[in-house]
Amino acid sequence: MNRTLFAAVSAIALVGLTACGENQKAGAPGGTSGILAVGSSTVFPFASRVAENFSRTSDGAAPRVESLGTGGGIQRFCEGVGQGTPDIANASRPMKKSEFELCQKNGVTDIVEIKIGFDGIVIATARNGESMNFRLQDLYLGLAKEVPGAGGAFVANPSTTWNQVNPGLPSQRIQVYGPPPTSGTRDAFLELGMAPGAKLIPALAAVDEADGDRFETLAHTLREDNGWIDSGENDNAIVQTLTRTPGSLGVFGFSFLEQNMDTVKPLTIGGVAPSADTIADGSYPLARSLYIYVKKQHIGVTPGLKEFVMEFMSDASAGRGGYLQDRGLVPLPADELTAQRAVIAEMRPMASPQ
């Protein structure tokens, strides 16, 4: 389906689901007026699809799904327990220790972490754009705010074209549209792309050994001179921008690539292109896991919450050949899927992240 049409259909479906939930369960006791899941824009299409399917087979209110970004979603999830607070946080990265501690502080003491599958961070360009093969260090050297300069000092990134970063890349301006700081996709890009790329540069490797905090600041700070351009939480907007801005690149989740292969194409990293196989086996460097976090204190209080989570991880949805794979999710191996179902059955709370 055309990505623009898909976005419109999703928006209409979300409005319908929201209205249905409010009409059927307004004022219901428990965590929310019906099930509420908030967070990652990457997980949003998957959660929305499960909500649509669940609403057809359940007598209760249709679950509501809101796309706020991973950080924004977890922030809301951790606001407390009870009416008006989310039941589920959708996340395209693991919960941070600071977020876990915020939840604990606000009384959200039992959080169930469930891995739902895999995704990859894609660097893409318009379908008719020039193909490129990045090394990991090219990502840092092209997109970091500061890079090594003369005499061991770090200076404002002087590169304006990709061939200045690596002569093997085209003489094309550095202009990359990507997600904002609240996005789990951005967090994953920093952790999987920028930081490993920085460690391949001797000057940065020395900083990492001497001062880990300084290294993290250098590796995780993107340039602010229009080399990197924050484009909001809506990955659709990034995809559409690439077709309107010749030579630009975009950073977004693999699922959005699959749904837009008629207009955009992926660029390779270390000669490896993102695909379901390379993401599942870890050979694609920017592969990541996707999660949902469930508020155990709402189980048995928000009607249908555990059943919704079970539907999320059923063979029909999260299994190989399931409807979430059709939407772009890379499924877990069978043994991992079984292990995640055991977590759901027991509603086993997670330990504090390290």
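Further up the page is the structure itself.
Caption draft 1: Highlighting the overall build of the chain. If you tally the helices and strands in the chain, you get 15 helices and 13 strands. Here the C-alpha radius of gyration of the chain, 21 Å, is about what a compact globule of 354 residues would show, namely 20 Å. Referenced to the eigenvectors of the C-alpha coordinate spread, the extents of the chain come out at roughly 65 × 45 × 35 Å. For the chain, the residues scored as buried account for 54% of the 354 residues in total. Taking contacts inside the chain between residues at least 6 apart in sequence as the whole, the part at least 24 apart equals 75%.

Caption draft 2: Region of interest: a negative patch on the surface. Taken together, the side chains of Glu 191, Asp 211, Asp 213 and Glu 216 make up a negatively charged region of the molecular surface. With respect to the helices and strands, the residue Glu 191 is situated in helix α7 (residues 184-199).

Caption draft 3: Seen up close, the packing of aromatic side chains. Enumeration over the complete set of coordinates arrives at 5 aromatic pairs. When the ring of Phe 54 is compared with that of Phe 308, the centres are 5.5 Å apart and the planes differ by 80°; the resulting orientation is edge-to-face. A residue pair is termed long-range when its members are at least 10 positions apart, and Phe 54 in helix α2 (residues 44-57) and Phe 308 in helix α13 (residues 305-312) qualify at 254 residues. Of the two residues, Phe 54 and Phe 308, both sit in the buried class. Measuring from centroid to centroid gives 5.0 Å for Phe 134 and Trp 162, while their planes differ by 70°, and the two rings are edge-to-face. Of the two residues, Phe 134 sits in strand β5 (residues 133-134) while Trp 162 sits in helix α6 (residues 162-165), which places them 28 residues apart along the sequence. Taking the relative accessible area as the measure of exposure, Phe 134 reaches 1% and is therefore buried. One residue, Lys 295, lies across the ring of Phe 77, its end atom 4.8 Å from the ring centre.

Caption draft 4: Structural detail: the packing of helix α5 (residues 136-143) against α7. Where α5 meets α7, the axes come as close as 7 Å, and the angle between the chain directions of the two elements is 95°. By the criterion of interaxial angle, the relationship of α5 to α7 is roughly perpendicular. Contacts between α5 and α7 pair Leu 136, Gln 137, Leu 139, Tyr 140 and Leu 143 from the former with Phe 189, Leu 192, Gly 193, Met 194, Pro 196, Gly 197 and Ala 198 from the latter.

Caption draft 5: Structural context of the pattern of salt bridges. With the rule as written, the count across this model stands at 13 salt bridges. Where Arg 93 meets Asp 187, a salt bridge forms, and the shortest distance between an N and an O atom there is 2.5 Å. Taken together, the positions of Arg 93 in the loop between β3 (88-91) and α4 (97-105) and Asp 187 in helix α7 put the pair 94 residues apart, joining distant regions of the chain. For Arg 93, a relative accessible area of 7% gives the class buried. Linked by salt bridges that have partners in common, Arg 93, Lys 96, Glu 99 and Asp 187 make up one network.

Caption draft 6: Here's a closer look at the environment of Pro 285. Within the secondary structure, Pro 285 is located in the loop between α12 (276-280) and β13 (287-295). Owing to a relative accessible area of 28%, Pro 285 belongs among the partly exposed residues under this scheme. For the pair Pro 285 and Pro 196, spaced 89 residues apart in sequence, the C-alpha separation works out to 9.5 Å. Ignoring any residue separated from it by four or fewer positions in sequence, one finds Pro 285 in contact with Leu 136, Leu 192 and Ile 269.

Caption draft 7: Inspection of the pairing of strand β10 (residues 249-253) at higher detail. Counting buried residues along β10, 5 of its 5 residues qualify, which places the element largely inside the surrounding structure. Bridging between strand β4 (residues 111-126) and β10 involves 5 bridges; their strand directions are antiparallel. Looking at β10, one finds that Ala 124 is bridged to Gly 250. In the sheet, strand β8 (residues 176-178) pairs with β10 via 2 bridges, with the strands oriented parallel. Within the sheet, the bridge partner assigned to Tyr 177 lies in β10 and is Gly 250.

Caption draft 8: Structural detail: the nonpolar core. Core analysis: the largest hydrophobic core is formed by 83 residues, its most contacted members being Ile 123, Tyr 140, Trp 162, Phe 189, Phe 252 and Phe 312. Considering each element in turn, this core owes the most residues, 8 residues, to β4. The contacts of Trp 162, once residues within four sequence positions are left out, are Met 132, Phe 134, Asp 138, Gly 142, Leu 143, Leu 169, Pro 170, Gln 172, Arg 173, Ile 174, Val 176 and Leu 249. Counting residues in hydrophobic clusters, the runner-up holds 13 residues, among them Ala 89, Met 95, Ile 111 and Tyr 293.

Caption draft 9: Inspection of helix α3 (residues 70-77) at higher detail. The complete set of buried residues in α3 reads Thr 70, Gly 71, Gly 73, Ile 74 and Phe 77. Considered in projection along α3, the buried side chains sweep an arc of 165° and stay on one side of the axis. Lining the buried residues of α3 we find β1 (36-39), β3, α4, β4, α7 and β13.

Caption draft 10: Quick peek at the side chain of Ser 289. In this fold, Ser 289 is placed in strand β13. Judged by relative accessible area, Ser 289 falls into the buried class, the value being 17%.

Caption draft 11: Just the state of the cysteines, in detail. Considering all chains together, one arrives at 1 disulfide under this definition. Across the disulfide, Cys 78 is cross-linked to Cys 103 (sulfur-sulfur distance 1.9 Å). Here Cys 78 and Cys 103 share a disulfide; its torsion about the S-S bond, -75°, makes the bridge left-handed. With Cys 78 in the loop between α3 and β3 and Cys 103 in helix α4, the pair connects residues that are 25 residues apart, well separated along the chain. When its relative accessible area of 0% is taken as the criterion, Cys 103 is described as buried.

Cut-off values and rules
- Each chain carries its own residue numbering, running from 1 in the direction its sequence is written.
- Residues qualify for local features only when their pLDDT is at least 70, as the model is predicted, and side-chain atom pairs are given and counted only at 80 or more; totals for whole chains, interfaces and linings, by contrast, use all residues.
- To obtain the side-chain values, all non-hydrogen atoms of the structure were included, while hydrogens and water were left out.
- Helix and strand definitions follow DSSP, with helices as H or I runs of at least four residues and strands as E runs of at least two, each counted in order from the N terminus.
- We take the radius of gyration over the C-alpha atoms and set the globule estimate at 2.2 Å times the residue count to the 0.38 power.
- Per-residue accessibility, obtained with a 1.4 Å probe over protein chains only, is compared with the maximum for each type, and a residue is labelled buried under 20%, exposed over 50%, and partly exposed between these values.
- By definition in these notes, contact holds between two residues if any of their heavy atoms fall within 4.5 Å.
- Patches draw on residues past 30% relative accessible area with no salt bridge. Two like charges within 9 Å are joined, as are two nonpolar side chains (Val, Leu, Ile, Met, Phe, Trp, Tyr) within 5 Å.
- Here the Shrake-Rupley method, with its probe set to 1.4 Å, supplies the accessible areas, and only the displayed protein chains count as covering residues.
- One side-chain nitrogen of Lys or Arg within 4 Å of one carboxyl oxygen of Asp or Glu is enough to make a salt bridge.
- The convention is simple: Lys and Arg are positive, Asp and Glu are negative, and His and the chain ends are not counted.
- Where a charge lies is defined by one atom per residue type: Lys uses NZ, Arg uses CZ, Asp uses CG and Glu uses CD.
- Note on aromatic pairs: the rings of Phe, Tyr and Trp (six-membered ring only in Trp) are paired at centre separations within 6.5 Å, and the planes decide the class, stacked below 30 degrees, edge-to-face beyond 60, tilted for the rest.
- Comment: the charge-over-ring label is applied if NZ (Lys) or CZ (Arg) is within 6 Å of the ring centre and within 35 degrees of the ring normal.
- Here the axes come from fitting lines to C-alpha atoms, over the contacting stretch only for helices, and the angles between their N-to-C directions go from 0 to 180 degrees.
- To sort the angles, those under 35 degrees are grouped as roughly parallel, those over 145 as roughly antiparallel, those from 65 to 115 as roughly perpendicular, and the leftovers as oblique.
- Two strands form a pair only when DSSP identifies at least two bridges running between them.
- Nonpolar core, defined: a set of buried Ala, Val, Leu, Ile, Met, Phe, Trp, Tyr and Cys residues in which side-chain atoms within 4.5 Å join the residues together.
- Note that the arc is defined by the directions from the helix axis to the C-beta atoms.
- Note on disulfides: each one is a pair of cysteine sulfur atoms within 2.5 Å.

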